[in-house]
Amino acid sequence: VAARFSPGPLAGKRVLLTAGPTREFLDPVRFISNPSTGKMGMALAQAARELGASVTVVLGPVGSVDRSGLEVVDVVTAEEMAREVLGRVAEADVFIATAAVSDWRPELRAAQKVKKGSVDGPETLRLVRTPDVLAEASRKVSGQTRRPVLVGFAAETERVLEHAREKLERKGLDVIVANDVTAPGAGFGTDTNRVTVLTRTGAPRELQGSKDAVARGILELLPVERRPSAG
Ligand code: CTP
Ligand code: CA
């Protein structure tokens, strides 16, 4: 028998994540997006892999990231992200939504580049809501006898814990990671983060440090067994 590494606390578990931004195009060369770089999500993905999980990341458009040992499904829009997640979430043991999904998309996507001189140029832009990937995933698994642990992130600029707690309830989550994106050493594109992890019952737990260290801390706080459905 070949020598083996010890199996790790997430051995045999399937972890599904979303990471990065989405892009919502108004024509072939213009889109609505946000500054997410996918760093926190990819740090969680790599940390979960190191703990023995098999990890799938549904990843929006980001620069170069470490994909080693991960299954990565590249997507561009919120609708694509929703489709790829909803096709996989029922089989997952843990679903962690770190993506900064655009909440709106242009109602229409012009087939050709809109010229600045054109009379029907977008002087105003009509926007419609995109699917809420995490809320739809939560709804989809809510009736399952064994459903994944559901983890969200809340990117906030004010009343951080209050807003995060409201999202925990509204989206039917087990855990939410509250992120004050205006705090020093936190937020988009940084290598460090400072978060508060809220669960349904336990006391809030603060974590800070490199995104890798924060990722390990978050995973350690998760109830790793698949939860029986609440309802
Ligand atoms: N999320 C998602 N799909 C969306 C919007 C958000 O999956 N269309 C997920 C994010 O990945 C995150 C959580 O929901 O895990 C909270 O995202 P956030 O943007 O903080 O909350 P929203 O519900 O979009 O509310 P708002 O932006 O108004 O604060
Ligand atoms: Ca949002």
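Everything here concerns the structure above.
This text gives an overview of the structure that appears in the document.

Cut-offs used in this document
Residues numbered from 1 in each chain as written. Chains lettered and ligands numbered in written order. Predicted model: local features only at pLDDT ≥ 70, side-chain atom pairs only at ≥ 80, totals over all residues. Heavy atoms only, no water. Donors = N, O, S within 2.8 Å, 3.2 Å for Na, K, Ca; no water. Helix = DSSP H or I, 4+ residues; strand = E, 2+ residues; numbered from the N terminus. Buried < 20%, exposed > 50% of the residue type's maximum accessible area, 1.4 Å probe, protein only. Polar contact = N/O pair within 3.5 Å; in protein donor to acceptor, adjacent residues only side chain to side chain. Near = heavy atom within 4 Å. Areas by Shrake-Rupley, 256 points an atom, 1.4 Å probe, with all protein chains shown as cover. 1 Å grid on protein atoms, 1.4 Å probe; cavity = no way out; pocket = protein on both sides within 12 Å on 5 of 7 lines; lining within 4 Å. Sits in = over half its atoms within 2 Å of the grid points. Nonpolar A, V, L, I, M, F, W, Y, C, P; charged D, E, K, R; others polar. Phe/Tyr/Trp six-rings, centres within 6.5 Å; stacked < 30°, edge-to-face > 60°.

**Re the coordination of the calcium ion (ligand 2)**
- Taken together, the protein ligands of the calcium ion (ligand 2) are Asp103 (OD) and Asp103 (OD), with distances of 2.3 to 2.7 Å.
- Within the fold, Asp103 resides in the loop between strand S6 (94–97) and strand S7 (104–106).

**Considerations on the environment of Glu166**
- Position of Glu166 among the secondary structure elements: in helix H4 (residues 160–170).
- The partly exposed category is assigned to Glu166, whose relative accessible area is 37%.
- Spatially, the C-alpha atom of Glu166 lies 9.8 Å from that of Ile176, the residues being ten residues apart in sequence.
- Within polar-contact distance, the side chain of Glu166 engages the side chain of Arg170 at 2.6 Å.

**A closer look at the site of ligand 1**
- The environment of ligand 1 is formed by 16 residues, the closest being Ala97, Ala99, Leu134, Lys167 and Lys171.
- Contact between ligand 1 and Asp103: an oxygen atom at 3.1 Å from a side-chain N or O atom of the residue.
- Protein burial of ligand 1: of its 570 Å² of free accessible surface, 79% is covered by the chains.
- Among the detected pockets, ligand 1 sits in the largest pocket.
- For the shell around ligand 1, the elements supplying multiple residues, two or more each, are helix H3 (133–141), strand S10 (149–156) and H4.
- Per-element tally for the shell around ligand 1: the top contributor is S10, with four residues.
- In the shell around ligand 1, the residues fall into nine nonpolar, two polar and five charged.

**Re the packing of aromatic side chains**
- Applying the stated rule across the entire model yields one aromatic pair.
- Aromatic pair Phe25 and Phe31: ring centres 5.2 Å apart, planes at 65°, arrangement edge-to-face.
- Judged by its relative accessible area of 16%, Phe25 is buried.
- Accessibility expressed as a relative area gives 37% for Phe31, which makes it partly exposed.

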